[in-house]
Amino acid sequence: MSPSPLVTTDWLAAHLADPHLRIVDIRGHVLPATEPPPHYFNHRADYDRSHIPGAVFVDWVQEITDPDSPLHTRIARPERYAAVMSRIGVGAETLVVAYDDAEGMFAARLWWSLNYYGHERVVVLDGGWKKWTAEGRPVTAELPAIRPAVFIPRPNPRLHRDADQVAAALAAGVRVVDVRSQAEYDGQASRARRAGHIPGAINRPRRDLVSPEGTMPAPEVLRALFAGDGINDAAQEVIFYCNAGVAASYGLLALRAAGYENGAVYDGSWKDWGNDDARPIA
C-alpha cells in the first residue's frame, strides 16, 4: 500500500510553522449542470476574510487552467503552471497541503495537477476548511509573506489521458469511471452539447466517495466500493472522468487513498467527449 495522499487537521495544526510547508487555499464552488452558466467560481473573498495561517490562495478557475482551451478547466500549460507555483513559493523541497470547502474536490485538482507536473510532495487536508473551522482551529485574515521559488514542470504522462487514449483503453478492457451524477450519466443533464456517457464507462458518483462528515472514507471502505466496480487490483489501470477533469481528480485521489496506484485522469472529460460528434455516446 502507498502512503496516504491525505493529512489530518491534527497533523497540520502541529506543522503550521514548518518552513518547508506551503498551505494552499483553493476554495470555490460549481453550480449544477442544470443551472445557466457561468458554473465555476473561486472563493477569493472568503480567503480574504479568513484562512488557515500561512495559506496562500490559488484560483482553480483561472490560475491552473489553460485560458486558450474552450473546455474552461483543462490543465494549464507547463510555463503558465510553473509561473503560478513559483510565485506562491513551491520549490522542489516544498510540501504542499491543499484545502478547500468542497469536500476535497478542488484540493484534489491541485493535488493531481502538481503530481502531473512532477511534484509529488503534495497532500490534501482531509475534511478541509469545514473540518478545520468546526474544530476551532486558528484562522487569520493576514496575508503571508511569500518568498518565490523555482518550480520546474516535468509532465508525467501516466497520470493524464486524452480522448484517443480513453477510446483505446476501453477497447483494451481498461476500467473507465464516470464520477458525475447519476442524472448526468443517464443523459438527463449535461454540461456538453450532447448528453449521456462514454460507452463502456461505469458510474461511481463522486458523492459516493465522500463520508457523511465530508472526509475521505477509510481505505477499507474505499476498497469495498471500488471492488463493486470491478477494481480490486493495485496494478489495475483505472481512468476517471467527469465534466472537465476536476471531480475526476478526486476520483483518482480516492483511488490512491485506497492504496491503488495505477490511475489517471481524462482531463478533457465529458466536455471534450460530449462535444465531439465523432465520439460515440451511450
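One can find the structure itself at the top, above this paragraph.
My aim in this report is to walk through the structure given alongside it, one point at a time.

Here is what the cut-offs are and how they apply
- Residues numbered from 1 in each chain as written.
- Predicted model: local features only at pLDDT ≥ 70, side-chain atom pairs only at ≥ 80, totals over all residues.
- Heavy atoms only, no water.
- Pairing = 2+ DSSP bridges.
- Helix = DSSP H or I, 4+ residues; strand = E, 2+ residues; numbered from the N terminus.
- Core = buried A, V, L, I, M, F, W, Y, C linked by side-chain atoms within 4.5 Å.
- Buried < 20%, exposed > 50% of the residue type's maximum accessible area, 1.4 Å probe, protein only.
- Contact = heavy atoms within 4.5 Å.
- Axes fitted to C-alpha atoms, helices over the stretch in contact; angles between N-to-C directions.
- Expected span 1.5 Å × (residues − 1).
- Salt bridge = Lys/Arg side-chain N within 4 Å of Asp/Glu carboxyl O.

## Focus on the sheet that holds strand β10 (residues 202-203)
Right, on to step 1. Read from one edge to the other, the open sheet built from five strands follows the order β8-β12-β11-β9-β10, with strand pairing classed as parallel. Edge strands, defined here as strands with exactly one partner in the open sheet, are β8 (160-161) and β10.

## Here's the deal with the nonpolar core
Right, on to step 1. Y81, M85, L110, F226 and F240 are the most contacted members of the largest nonpolar core, which has 59 residues in total.
Right, on to step 2. Those elements that place two or more of their residues in this core are α3 (78-87), β6 (95-99), α4 (105-116), β7 (122-125), α8 (219-228), β11 (238-241) and α9 (246-257).
Right, on to step 3. Not counting residues up to four positions away in its chain, the partners in contact with Y81 are I64, I75, A76, L110, S113, L114, Y117 and F151.
Right, on to step 4. Listed in part, the 15 residues of the second largest apolar core include L21, I23, Y47 and F57.

## Some details on the sheet that holds β7
Right, on to step 1. Sheet architecture is open: five strands sit in the order β1-β7-β6-β2-β5, paired in parallel fashion. Each end of this open sheet is capped by a strand with a single partner; those strands are β1 (6-7) and β5 (56-57).
Right, on to step 2. Both strand β2 (residues 21-25) and β5 contribute to a ladder of two bridges, which runs parallel. The partner of D25 across the bridge, within β5, is F57.
Right, on to step 3. Sitting on the sheet, α4 is in contact with β2, β6 and β7, with an inclination near 175° to β7.

## Observations concerning α9
An α-helix turns once every 3.6 residues. As a result, residues three or four positions apart point the same way.
Right, on to step 1. Between the first and last C-alpha of α9 there are 17 Å, a value that for twelve residues agrees with the 16 Å anticipated at 1.5 Å per step.
Right, on to step 2. The element α9 is largely enclosed, with a buried count of twelve among its twelve residues.
Right, on to step 3. Within α9, burial applies to V246, A247, A248, S249, Y250, G251, L252, L253, A254, L255, R256 and A257.
Right, on to step 4. Downstream of α9 by a residue or two, G259 has a phi angle that is positive, lying close to 100°.

## A look at the pattern of salt bridges
Right, on to step 1. On inspection of all chains with the given rule, the structure shows 22 salt bridges.
Right, on to step 2. A salt bridge links D48 to R44; its shortest N-O distance comes to 2.9 Å. In this pair, D48 and R44 both sit in helix α2 (residues 44-49), four residues apart, roughly one turn of the helix.
Right, on to step 3. Put simply, D164 and R279 hold a salt bridge, and the shortest N to O gap is 2.5 Å. Here D164, found in helix α6 (residues 163-171), pairs with R279, found in the segment after α10 (269-273); they are 115 residues apart in sequence, far enough to count as distant.
Right, on to step 4. Where salt bridges share partners, they join D10, K131, E135 and R137 into one cluster.

## A word on the side chain of N156
Right, on to step 1. For N156, the location among the structural elements is in the loop between α5 (128-134) and β8.
Right, on to step 2. Beyond its immediate chain neighbours, meaning those up to four positions away, N156 contacts N115 and Y116.

## Details of the environment of L110
Right, on to step 1. Its location among the elements puts L110 in helix α4.
Right, on to step 2. On the accessibility criterion, L110 (0% relative accessible area) is buried.
Right, on to step 3. Spatially, the C-alpha atom of L110 lies 12 Å from that of F57, the residues being 53 residues apart in sequence.
Right, on to step 4. Ignoring any residue separated from it by four or fewer positions in sequence, one finds L110 in contact with V24, I26, I64, Y81, M85, V96 and A98.

## Things to note about unusual backbone geometry
Right, on to step 1. Omega for the bond connecting P37 with P38 falls within 30 degrees of zero, at 5°, which places this linkage in the cis form.
Right, on to step 2. Among the secondary structure elements, P38 is positioned in the loop between β3 (28-30) and β4 (40-42).
Right, on to step 3. One non-glycine residue, E103, adopts positive backbone phi at about 55°.
Right, on to step 4. The exposure class of E103 is partly exposed, given its relative accessible area of 23%.
Right, on to step 5. Even without a glycine there, the phi angle at S269 is positive, about 50°.
Right, on to step 6. Topologically, S269 is positioned in helix α10.

Remember, this is a structural readout, not a statement about activity or role.
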